[in-house]
Amino acid sequence: MRHSEGGGGLTMRDDVDEVRDILQSVAEEAFPDDVGVQWHVREITQQAGFYCVEAEPVPATVGYPRFRFVLGRTQSGELGDFGCYCLDKGVWRLLYTTPNTSSDWKALHFDKGN
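Cut-off values and rules
- Residues numbered from 1 in each chain as written.
- Predicted model: local features only at pLDDT ≥ 70, side-chain atom pairs only at ≥ 80, totals over all residues.
- Heavy atoms only, no water.
- Helix = DSSP H or I, 4+ residues; strand = E, 2+ residues; numbered from the N terminus.
- Buried < 20%, exposed > 50% of the residue type's maximum accessible area, 1.4 Å probe, protein only.
- Contact = heavy atoms within 4.5 Å.
- Areas by Shrake-Rupley, 256 points an atom, 1.4 Å probe, with all protein chains shown as cover.
- Phe/Tyr/Trp six-rings, centres within 6.5 Å; stacked < 30°, edge-to-face > 60°.
- Core = buried A, V, L, I, M, F, W, Y, C linked by side-chain atoms within 4.5 Å.

Details of the overall build of the protein
- Per the secondary structure count, the protein includes one helix and six strands.
- Taken from the N to the C terminus, the helices and strands of the protein come in the order β-α-β-β-β-β-β.
- For the protein, the residues scored as buried account for 40% of the 114 residues in total.
- Long-range pairs, those at least 24 residues apart, make up 37% of the contacts in the protein with a sequence separation of at least 6.
- Summed over its atoms, the accessible surface of the protein is roughly 6400 Å², and 47% of this surface lies on carbon and sulfur atoms.

In structure tokens, the structure reads:
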């Protein structure tokens, strides 16, 4: 499932709304020195139980123009941060992974495409 801002036809609306709701707090925790940055969702992609949330920081003071946060259900059932890619000179690069979480999402290649 893929959803771009302004698009429609979502089938997992509750999950997508939850993903959108927690993105700001996930990004703030990932980048605590960047106080006051608002994260604008560009696209949400769902695959194999994981969500890839492409977002851009406003203002663009975080160091890269766009990020892809990988979210998924933790063992407790809550939606959590599993890792993040950054767009570096036109290439998606793994920026971090969250310790003690599944690494299954890496095989889904959320680092491909623009």
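A look at the packing of aromatic side chains
- Within this structure, the stated rule accounts for nine aromatic pairs.
- Ring geometry for Phe50 and Phe82: centres 5.5 Å apart, planes at 80°, overall edge-to-face. Remark: Phe82 occurs in strand 5 (residues 79-88) and Phe50 occurs in strand 3 (residues 50-58); sequence separation between them is 32 residues.
- One aromatic cluster is present, formed by Phe31, Trp39, Tyr64, Phe67 and Phe69 through successive ring pairs.

Some words on the nonpolar core
- Ranked by internal contacts, the top residues of the largest apolar core, which has 22 residues, are Trp39, Phe67, Phe69 and Leu71.
- Contributions of two or more residues to this core are made by helix 1 (13-30), strand 2 (38-47), strand 3, strand 4 (67-73) and strand 5.
- For this core, the element with the highest residue contribution is helix 1, accounting for six residues.
- Here Phe67 is in contact with Phe31, Trp39, Val53, Glu54, Ala55, Pro57, Val62, Cys84, Tyr85, Cys86, Trp92 and Leu95, once residues within four sequence places are set aside.
- Counting residues in each nonpolar core, the second largest holds 10 residues, with Phe50, Val70, Phe82 and Leu108 among its members.

By themselves, these observations are geometric and do not establish any function.
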